[in-house]
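# Descriptive structure summary
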Amino acid sequence: MPCPRKRLVKIIAAVALGVAVVVGAVYWNEARKEVVFLCGNFGPGVPEASVRRQLDTGHFLRYRTEDGPAGRRIVADSPLTLGRYRCVVELEADGTVRAARVE
């Protein structure tokens, strides 16, 4: 007959793992929604300052500005989704949004 103590430890470990998976899934989904919903706010003509202000309200976001051949862009994602969802905001030369999309 197995030791009752070992069995109890296995049950507790399984419950803890289940709770960790559920909590992780909830945070992952909240981070995903933050990226997707905020990206929807950035239509053509929105000033860069407004984009940054809105991104600063995110609880799970990180963002960076990149300079490339097509001009400047802001890329926002979340470490909680391992970068799976990204909001790419293309900027015009005058600092307004040209386009925004979720990748």
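Quick look at the structure, then. The shown structure was predicted, so the numbers you read here are calculated from the model rather than taken from an experiment. Starting from 1, residues in each chain are numbered consecutively following that chain's sequence as written. Note on the predicted model: pLDDT of at least 70 is required for a residue's local features to be given, and 80 or more for side-chain atom pairs to be given and counted; whole-chain, interface and lining totals, by contrast, use all residues. Processing note: side-chain calculations cover all non-hydrogen atoms of the structure and skip hydrogens and water entirely.

Note on disulfides: each one is a pair of cysteine sulfur atoms within 2.5 Å. One pass over the structure, following the stated rule, counts one disulfide. The disulfide partner of Cys39 is Cys87, and the gap between their sulfur atoms is 2.2 Å. When the S-S torsion is 75°, as for the bridge of Cys39 with Cys87, the disulfide is right-handed. With Cys39 in helix α1 (residues 4–39) and Cys87 in strand β3 (residues 86–91), this residue pair connects regions lying 48 residues apart in the sequence. Three labels apply to residues, based on accessible area from a 1.4 Å probe with only protein chains included: buried if under 20% of the type maximum, exposed if over 50%, partly exposed otherwise in between. What makes Cys39 buried here is its relative accessible area of 5%. Its relative accessible area of 1% is what places Cys87 among the buried residues. Helix numbers and strand numbers start at the N terminus; a helix is a DSSP run of H or I with at least 4 residues, a strand a run of E with at least 2.

Take unusual backbone geometry next. In this structure, Leu82 is a non-glycine residue whose phi angle is positive, near 55°. Mapped onto the elements of the fold, Leu82 is located in the loop between β2 (71–77) and β3.

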